[in-house]
Every structure is written in C-alpha cells, then in structure tokens.
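Residue-level structural notes
One letter stands for each residue in the lines below.
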Amino acid sequence: MAATLKTCVFTVVKNTTAQQGISKFINYLTANAPSRLLHQDQTHQQASIAEPISRPSGRHMVTLVPGDGVGPEIMAGVQEVFKAAGVPVDFEEKFISEISPNTSSTLMDVVESFKRNKVGLKGIITTPTFFKGGVLQTLNMRIRRELDLFANVVWVKSLPGFTTRHNNLDFVIIREQTEGEYSALEHESIPGVVESLKIVTRKNSMRIAKFAFDYAMRHSRKKVTAVHKANIMKLGDGLFLQCCSDISKLYPKIEFETMIIDNCCMQLVSNPYQFDVMVMPNLYGNIVDNLAAGLVGGAGVVPGESYSSNVAVFEQGARHAFAEAVGKNIANPTATLLASCNMLNHIHLEYHSKLIQDAVLKVIKSGKVCTQDMGGYSSTSDFIHAVVNSLP
Amino acid sequence: MAANLRIFIGQNLARRTNVLFQNSALNETKCLAVYQQSRKNSFAAQFDLVKGEALAKYGGRHTVTLMTGDGVGPELLSHVQEIFRYAGAPIDFEVVEINASKNTPIDMEHALLAVKRNGVALKGNIETKFDDPSFKSMNLALRTSLELFASIVKCKSIPGIAVRHNDVDCVLIRENTEGEYRQLEHEIVPGVVESMKIITAEKCKKIAKFAFDYAVQHGRKKVTAIHKANIMKLGDGLFLEVCRDIAKGYPDIEFNDLIIDNASMQMVSRPSQFDVLCMPNLYGNILSNIAAGLIGGAGVTAGINIGDRYAVFESGTRNSGRSMKGKNIANPTGILFASCEMLDYLGHHEHAKLIRESVFTVISDKQIRTPDIGGTATTLDFVKAIIDDVKPKTLAWSVMFQI
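Residues numbered from 1 in each chain as written. Chains lettered and ligands numbered in written order. Predicted model: local features only at pLDDT ≥ 70, side-chain atom pairs only at ≥ 80, totals over all residues. Heavy atoms only, no water.

1. Structural notes on the overall build of chain A
Put simply, the rule reads: Per the convention used, a helix needs a DSSP run of H or I reaching at least four residues, while a strand needs a run of E reaching at least two, with both numbered from the N terminus. Burial classes follow relative accessibility: with a 1.4 Å probe on protein chains only, a residue under 20% of its type's maximum area counts as buried, one over 50% as exposed, and anything between as partly exposed. The contact criterion used throughout is that any non-hydrogen atoms of two residues lie within 4.5 Å.
The helix and strand inventory of chain A stands at 13 helices and twelve strands. Sorting the 392 residues of chain A into buried and exposed places 54% on the buried side. The long-range share in chain A, meaning contacts at least 24 apart out of those at least 6 apart in sequence, stands at 74%.

Right under this line is the structure:
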C-alpha cells in the first residue's frame, strides 16, 4: 500500500508545477525520514519496511549452531518457518557439543564460520558442572572469547496475550560477558582452600558501558541503570561503576542511575516497570537475565543477542538447553523464533523480520496454540505449523 | 565591491559591534560566562576516546551521527538515508538537528558529544551569519574542537557533464584548523582592524605528512604545496619550509610548490597538471572551490574532514544552498559521494562502490541530471533513478519472492 502511495506521490511531484506542493512534500520527507530509520515511530517504521530490501550479495549466509538439548528440534522449526516465509538466508550448520565430543566439529571450525558470516544463530551448548581435568573454560565461553562477543543483550518484553504476573514489561538487560567471574581462573592454593579470581578491567568496562549507552541511543531509550556491588567489592565493581559514570557524561540526553545488585533483584520482582536499560558485569547479568526472563514467561519466550564489533550472534535470552525435553516435542520455540527475527533485522531484512514476528505474536495472542510452559498442551511442531499458517 | 566591503567593515562593523556589545553588554557577558563555564565543565572538552574505540560499531553495524544543517542539508540527507536503506548499507543514523537557528552552547555541546561517541559524522553545512560579528561559525567550532586538521576534497571529472575540462583528477588537502581561520580579529583604533593569521610548525608538519601519506596510500605521483611565501615570507615561508622538509622523506613522490595566484590561474587553464595539493587554510578554501567549479560545481564534490580520532563528511564546497531550499532542484551527488567516502572510511567498500557506480550510471549513462549540471531533472527524479539502479543490484531474490 505504502509503495503505491509513494509512486503516487512521485507522479504527483512530476506532474505538478505548483512550487508549494513540492516543497510540502519535501518537508514531509525531511520531517519524517530520520525517525523512520531510528524506529521511533510505529507508523513510519511500517511505511519503511513495506518494501523488501536486501544487500548486494542477494542471499545471506548465516552460521547455525543448533546446540544441545532441544536446540536441534527448534532450529529445524526455525528453518521451516524461514522457508515458508521465503527468507533469503542460507544456513551453514555447525554442530558443536561438549557432552558428545565425538560428533562435534572443532572450536576453530565454528569460530571461523562465525567470523566469515559475521552473523549467527545459536542454540545452547550444555556445560557439565563437574570438572574432570583439562580446560576450565566452557565451550560457550571459549566461543565468546574467540569471537570477542563482549556484550549480551536481552530485551525483556511481555508478549501480548500471554498473561504473567507482570504484564507490559519492556526493558533491556546488557551484560558484559568476557571477564569478571567467568575468567576461569581458579586454583586450590592449599588443600581445602580454593581461590577464584574475578577480573574487572577498565578497557572492557568502558566498552560495555559505551555499548549500553549506544544501544540506548539507537533504540530511543531514556535511562541507563548500572547494576553493581561496589559497596562490597569497592575496587573491582567500583571500577566498573566509575567507567559507567564516565561514559554517561557523553550522553547528556540519557538519564543515568546506579543500583546495587541485591536491591536490583528485589526491585525487579516487586516493581520491574522502573527499569529501562540496565548494564552490569558478567555474573550479575547472568542472574538478572534469568530472573527477568522468568518475569515474562521463562526461558522459552525471551530472545537474546551477543555482539562483538564485527560479529552478532543471536540466541535465547536465558540459556538453558532443556535436555529433559529432548525428543518429546514439547519445547517452546518462541525465544529462538524471536531471536531469528532480531537476526533478520540486523542484516537489514526488516521486511521478513516483521513478517515472522507478526506471525509469532499473532499465534501467541490468539492463545489457541500454547506449549506446556505457557500453560497449554500443544507440541513444538503444532506451534511451528501455527506460525507458518499465520504467515500472510 | 571591495571598496564597499571596506566601508562596510570600517563603519558598520565599528558601529554595530559597539551598539551590539554595549547595549546588550550585560546579556552578552552573561552568555559568555555561561558558555565558558559550560566549556570548563563540559565533558566533551576533556573527553576523547582513542581511535578505533570511538567507532560505535557492534555486530558489523555502525552508528553514524547525522547533522542536518541549513538550506538543502536536511532534504539531501534524508535522500542519503533512503538510498542507504535500499543499498543495505549497515549504517544506523543518529540524527542531530543542528542549524543556524539552533546555535546555543548546549546545542553545540550535544552535537559535539554525538560525534565524539560515534566517531563519524555526515553533515549538512551550517550557515554562518557573516553580518553578525557575535555569531561564531559553528562549522569552524566543530572542526577545531574535534581537531579535524585535514580537509580533503577530491575533484575528478564526471563523464557526461559538459564542462570545459574533462581531465581533472586532483586531490586538494587543506589545513583545517589554523591560518586565517583562528578568528582572532580586533579593532585597535576605530577604523583599523587586525586579523591574525597563525601558522605553526606543528600543524604544518602534520598536514604535510598527511598529504604525502595520502599520496603514497592512493598511488598518487606528485604533491604540490600552495603558498604565498613571496609576500608572507615568515608565515607561509614556514609552511613551505616544512613541506620541503617532509618531502625529503618521500623520494618516490614528486614535490613542487606554486604561489596561490599562479595556482589559481593554472587550475582554470591547465588543471590536469595537478595531482595532490597541500595548502594552508584559506588558499585551500579558495582553490577547492575553483576545482569543484571545474568539474560541475558545489553539487558534485565531496568533502572529508579527518582528524586523529574523528571524521566528518560533508559536501565539498561547504555551501548550504539556502536559495535552493524546498525547490526540489538541489544536486545530491556531492553529499552522496561524501557518504560513499564515509562508507569507505568505515570499511564498507562494497556498499560504497555500489552507490558510487549507481550515481555515475545515472549521471553519465541515463543522463538524469539536476539543473546545476545542465539537466532538467528534479532532486527526487535523480534520487529515484539511483534507487531504481541500486535495487536490481541488491534485489536478486525479489523475483522469486513476490508479494
């Protein structure tokens, strides 16, 4: 519709000799064009994605790591939806697993693929909780380290039609995920005494703080909250806090506040509406991600994404492989489907992204097809079929 | 004309400055105090990210500050956004509205911060009201506070545009922060105004080195230093001396120097002799306008301002084109080339090439041109032609997926 309107306007401009009409139209363009790209305005956003756009290469190659647990089933569903929607994306599938090492491709192979394609869709790789010698770092961590995926974003947003205790939530959690408690530096100095090192560096703290504020700017957010425990870890978390407040001065239009992690958790369950964008170090981010995902419906419905400066990897917001459901066809594919929509947005396929996202939201809103975690009895494949049928 | 100007300065300036400053002395000092205070407290003044860190680039996508400017700036930049969208360039724009009517220190500060946090900006020109002595050029303020020491204007003939010379291919590199542009002017006794031109060895070294490095990186053969050392023996003499010194470090690049008046004459009579030109501020300003005029005027040249940390891209001749505002006749070629340079700077060579080629196709092959380069097309016709040209190159799959 908008396309026709546009051609219409073009013709009008061509035919009319009245100076005023032209300048009016240009004013309209000038006034509206900037906001369209920043996705500030719903109607303009719709107008701008009414036509398919792509990139020079035509089709896109995207790395797909199905992961463990229900990952492979869900990814198959996603591919089915992509096919039905005619998304110009090809997947380069790489299976990697820590619990079945024999069938797994090598770490370098996977990292190479991510680096080559620059965009990836990733399931969750299960990490054993016991230590049987060898490398302390988990596979997930090593992939993140190799790719330098320093920022994790979880956009917690209530799904219309799926009622939980808190509705209409809409906030973003940004987590540093290369250092902190996840540095995998642990040792037993004398028998019975174990030291784990938590590393905080200025470089990485500055980087994540800037990322958080840039994200807030890009998505027209109003406030950034830095979450920390600087009252106890005065130096480590203190440095993080300092970096956040330094960077905040570069963004005078965005409000900056700080909150201690324990208080933050309490506020999240009692009054989560006060939050907008939150930025935090690694472990706190992990906990808050999961907590917040729980607020809007659990691991099955919240998408997440990880960024380095060159690579973007899209996955679930709360990372659980859901191994107990393997083969039972009961897992909820919503999180991964929404993550794949975010991925399409990222590679400028806004049109297809909207297509799939609308279909998913429509299915959820109708409330007829719900998986177990959403209080229904439908299977994974039922859900996928419902989404495919809702595509226009 | 010159006599008029002198009278204007001699009488009007003296009267107007006195009236202006005295009558609103209180107001003025207050404003100044607030401004200086804000400069002192301003984070932008002290804070600089190191190069590379400054770019807001995540997952391969950049955020770029878009400063709208005056005149035709806003409309042309909206066309650039539209074309970027169709070309699939991985760029997000952060739009900062800044123009001559929005010129408070706070607006300026916000614009500066926006460039500092993104590292790169695309900019329409901001008008400078030259009849109001209290109005400081915001373009200049931007350049000095971001330390954008080098300005580059590439002038290359575009095939198909009817101009007198078809063999222009030169790069004009201009010192961007000092010289005549320091805004140090005062009236010592009524009727006598002194303007100071500042030349420092440090900045000369920087710009000369930049020019030679540029020549090496881009496979150019010759660097010409432009000066007026026969009259300004000390000031321009220093510039020339430094250039000669630096030239010794680049034995593969030919070096010569030319006096500005002669250079202007040579530029219009035999422009093909020039390759890379290295100039102080004002001469650069004049000569790049001449060179731009040779290849088709203000609408077709791109300007790049580069510093150690930041880069700002704009149209080459820095005219705001107020007279063309809202008439749908401005030429978007210059700002499009500038945005291609920006894509190149950010490493998206593929997209830069795509857009640049489309512009050439539209101008040279399809012969859709705006009035300033001898055509009859409107701005929108031109933009639409480019989008139509870009689309098939990017939409290989649209045939099999039709809605």
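2. Remarks on a nonpolar patch on the surface
All names here are of chain A. Going by this rule: Exposure above 30% relative accessible area and the absence of a salt bridge qualify a residue for a patch, where like charges join within 9 Å and nonpolar side chains (Val, Leu, Ile, Met, Phe, Trp, Tyr) within 5 Å. For the area figures, the Shrake-Rupley method with a 1.4 Å probe applies, and any residue is considered shielded solely by the protein chains shown. By definition here, a salt bridge exists when the distance from a side-chain nitrogen of Lys or Arg to a carboxyl oxygen of Asp or Glu is within 4 Å.
On the surface, Leu185, Leu197 and Ile199 cluster together into a nonpolar patch covering about 220 Å² of accessible area. You can see leucine 185 is positioned in the loop between strand 5 (170–176) and strand 6 (186–190). On the basis of relative accessibility, which here comes to 39%, the residue leucine 185 falls in the partly exposed class.

3. Some points on the nonpolar core
Note the cut-off: For this analysis, a nonpolar core means a set of buried residues of the types Ala, Val, Leu, Ile, Met, Phe, Trp, Tyr and Cys, connected via side-chain atoms within 4.5 Å.
Membership of the largest hydrophobic core comes to 96 residues, with the highest contact counts inside it found for Phe171, Ile174, Phe211, Met278, Val279, Leu344 and Ile356 of chain A. At nine residues, the largest contribution of residues to this core is made by helix 7 (residues 202–218) of chain A. Excluding residues that lie within four positions of it along the chain, leucine 344 of chain A makes contacts with Phe82, Val87, Val89, Leu349, Glu350, His352, Ser353 and Ile356 of chain A. Within the second largest apolar cluster, 90 residues are counted, among which are Cys243, Ala247, Met267 and Ile335 of chain B.

4. Digging into the environment of alanine 298 of chain B
Residues and elements named next belong to chain B. Structurally, the position occupied by alanine 298 is in the loop between helix 10 (281–295) and strand 12 (302–306). Accessibility expressed as a relative area gives 38% for alanine 298, which makes it partly exposed. In this structure, the C-alpha to C-alpha distance between alanine 298 and isoleucine 158, residues 140 residues apart in sequence, is 13 Å.

5. So, the pattern of salt bridges
Across all of its chains, the model carries 34 salt bridges over all chains by this definition. The residue lysine 94 of chain A makes a salt bridge to glutamate 92 of chain A at a minimum N-O spacing of 4.0 Å. On the basis of relative accessible area, lysine 94 of chain A is assigned to the buried category, the value being 15%. Under the relative-accessibility criterion, glutamate 92 of chain A is labelled buried at 16%. Where aspartate 389 of chain B meets lysine 366 of chain B, a salt bridge forms, and the shortest distance between an N and an O atom there is 3.4 Å. In this pair, aspartate 389 of chain B sits in helix 13 (residues 379–394) while lysine 366 of chain B sits in the loop between helix 12 (349–365) and helix 13, placing the two residues 23 residues apart along the sequence.

6. Things to note about the sheet that holds strand 10 (residues 277–280) of chain A
All names here are of chain A. This is how it is decided: Strand pairing is assigned whenever DSSP detects at least two bridges linking the two strands. To obtain an axis, a line is fitted to C-alpha atoms, over the contacting stretch when the element is a helix, and the angle between two such axes runs from 0 to 180 degrees between their N-to-C directions.
Taking strand neighbours across the sheet as the criterion, the ten strands line up as 2-1-3-12-11-4-5-10-8-9 in an open arrangement whose pairing is mixed. Edge strands, defined here as strands with exactly one partner in the open sheet, are strand 2 (89–93) and strand 9 (255–260). Going from strand to strand, the sheet's axes swing by 25 degrees on average, the running direction of each strand aside. Sheet topology note: the strand 11 (residues 303–307)/strand 12 (residues 312–316) ladder contains five bridges and is antiparallel. Bridge pairing links proline 303 to glutamine 316 in strand 12. Strands in contact with helix 7 are strand 4 (151–157), strand 5, strand 8 (223–228), strand 9, strand 10 and strand 11; relative to strand 5, the strand with the most contacts, it is inclined by about 160 degrees. Contacts from helix 11 (residues 334–346) reach strand 1 (60–65), strand 2, strand 3 (119–122), strand 11 and strand 12 within the one sheet, and its direction differs from that of strand 12 by about 160 degrees.

7. Considering the packing of helix 5 (residues 105–118) of chain B against helix 6 (residues 138–145) of chain B
For any two helices packed against each other, one specifies the crossing angle of their axes together with the interaxial distance. Residue and element names in this part refer to chain B. Selection rule: Roughly parallel refers to an angle under 35 degrees, roughly antiparallel to one over 145, roughly perpendicular to one between 65 and 115, and oblique to any angle outside these ranges. The handedness criterion is simple: a crossing whose near helix is rotated anticlockwise from the far helix by less than a right angle is left-handed, and one whose near helix is rotated clockwise is right-handed. Put simply, Ala, Val, Leu, Ile, Met, Phe, Trp, Tyr, Cys and Pro go in the nonpolar bin, Asp, Glu, Lys and Arg in the charged bin, and everything else, Gly too, in the polar bin.
Taken N-terminus to C-terminus, the directions of helix 5 and helix 6 make an angle of 45 degrees; their axes are 11 Å apart at the nearest point. The angle between helix 5 and helix 6 falls in the class oblique. Handedness of the helix 5/helix 6 crossing: right-handed. Listed contacts from helix 6 to Met108, Leu112 and Lys116 of helix 5 are Met138, Ala141, Leu142 and Ser145. Residue composition of the contact of helix 5 with helix 6, grouped by class: five nonpolar, one polar and one charged.

8. With respect to the UniProt feature "domain: Isopropylmalate dehydrogenase-like" (unreviewed entry) in chain A
Under the convention used in this document: UniProt positions are given in the numbering used here, feature names are shortened, and annotations may be inferred rather than shown by experiment.
When the UniProt feature table is mapped onto this chain numbering, "domain: Isopropylmalate dehydrogenase-like" (unreviewed entry) sits at residues 61–387 of chain A. From the first C-alpha to the last, residues 61–387 of chain A spans 23 Å; its make-up is 39% helix and 19% strand.

9. Let's talk about the packing of aromatic side chains
Quick note on the threshold: Two aromatic rings from Phe, Tyr or Trp, using only the six-membered ring of Trp, form a pair when their centres are within 6.5 Å; if the ring planes differ by under 30 degrees the pair is stacked, by over 60 it is edge-to-face, and anything between is tilted. We count a charge as sitting over a ring when the NZ of a lysine or the CZ of an arginine lies within 6 Å of the ring centre and within 35 degrees of the ring normal.
As enumerated under the stated definition, the model contains 16 aromatic pairs over all chains in all. Ring centres of phenylalanine 213 of chain A and phenylalanine 256 of chain A lie 6.0 Å apart, and the angle between their planes is 45 degrees; on these two criteria the pair is classed as tilted. Placement of the pair is phenylalanine 213 of chain A in helix 7 and phenylalanine 256 of chain A in strand 9, with a sequence separation of 43 residues. Between phenylalanine 337 of chain B and phenylalanine 360 of chain B, the ring centres sit 5.5 Å apart and the planes meet at 40 degrees, which makes this aromatic pair tilted. Of this pair, phenylalanine 337 of chain B sits in helix 11 (residues 333–345) while phenylalanine 360 of chain B sits in helix 12; the two residues are 23 residues apart in sequence, bridging distant segments of the chain. Residue class for phenylalanine 360 of chain B comes out partly exposed when judged on its relative accessible area of 30%. Here a set of aromatic residues connected by ring pairs shows up, and it is made of Phe150, Phe211, Tyr215, Tyr307 and Phe314 of chain A together with Tyr58 of chain B. In this structure, arginine 207 of chain A is placed above the aromatic ring of phenylalanine 150 of chain A, and the distance from its NZ or CZ to the ring centre is 4.1 Å.

10. A closer look at the confidence of the model for chain B
All names here are of chain B. The criterion, for reference: pLDDT runs from 0 to 100 and stands for how confident the predictor is about each residue.
With 82% of its residues at a pLDDT of 70 or more, chain B shows a mean pLDDT of 80. Note on residues 16–45: pLDDT is under 50 here. Beyond four places in sequence and across chains, it has 31 contacts. Every residue in residues 396–403 is under pLDDT 50, and counting partners more than four places away or in other chains gives 15 contacts. In the predicted assembly, ipTM is 0.72 and pTM is 0.78.

11. Here we look at the pairing of strand 12 of chain B
Residue and element names in this part refer to chain B. Extensive coverage of strand 12 is indicated by the burial of five of its five residues. Note: strand 5 (residues 150–156) against strand 12, five bridges, orientation antiparallel. Considered in strand 12, the bridge of lysine 154 is made with alanine 302. Where strand 12 meets strand 13 (residues 311–315), five bridges bridge the pair, whose relative direction is antiparallel. Across the sheet, alanine 302 pairs through a bridge with serine 315, a residue of strand 13.

12. Considering the pairing of strand 11 (residues 276–279) of chain B
Residue and element names in this part refer to chain B. The two faces of strand 11 match: Val276 and Cys278 on one face and Leu277 and Met279 on the other face are all buried. Pairing geometry for strand 6 (residues 169–175) and strand 11, over four bridges, is parallel. Following the sheet pairing, arginine 174 is matched in strand 11 by methionine 279. Relative to strand 11, strand 9 (residues 222–227) is paired through three bridges, and the arrangement is parallel. From the neighbouring strand, threonine 224 faces strand 11, where its bridge partner is leucine 277.

13. Topic: the state of the cysteines
Residues and elements named next belong to chain A. Test applied: Note on disulfides: each one is a pair of cysteine sulfur atoms within 2.5 Å.
A complete count under the given rule lists zero disulfides over all chains for this structure. Free of any disulfide, cysteine 264 has its nearest neighbouring cysteine sulfur in cysteine 265, separated by 5.5 Å. Here cysteine 264 falls in the buried class, since its relative accessible area comes to 0%. Here cysteine 341 stays free of any disulfide, with the sulfur of cysteine 370 as its closest cysteine sulfur at 18 Å. When its relative accessible area of 1% is taken as the criterion, cysteine 341 is described as buried.

14. Observations regarding the side chain of glutamate 314 of chain B
Residue and element names in this part refer to chain B. The following threshold applies: Polar contact is defined as a pair of N or O atoms within 3.5 Å, subject to the rule that within protein one atom must be able to donate a hydrogen and the other to accept it, and that residues adjacent in sequence are counted only when both atoms are side-chain atoms.
Tracing the sequence through the fold places glutamate 314 in strand 13. Using a relative accessible area of 2% as the deciding quantity, one classes glutamate 314 as buried. Of note is the side chain of glutamate 314, whose polar atom sits 2.7 Å from the side chain of asparagine 305. Excluding anything up to four places from it in sequence, glutamate 314 contacts Lys123, Asn125, Ala302, Gly303, Asn305, Ile335 and Ala338.

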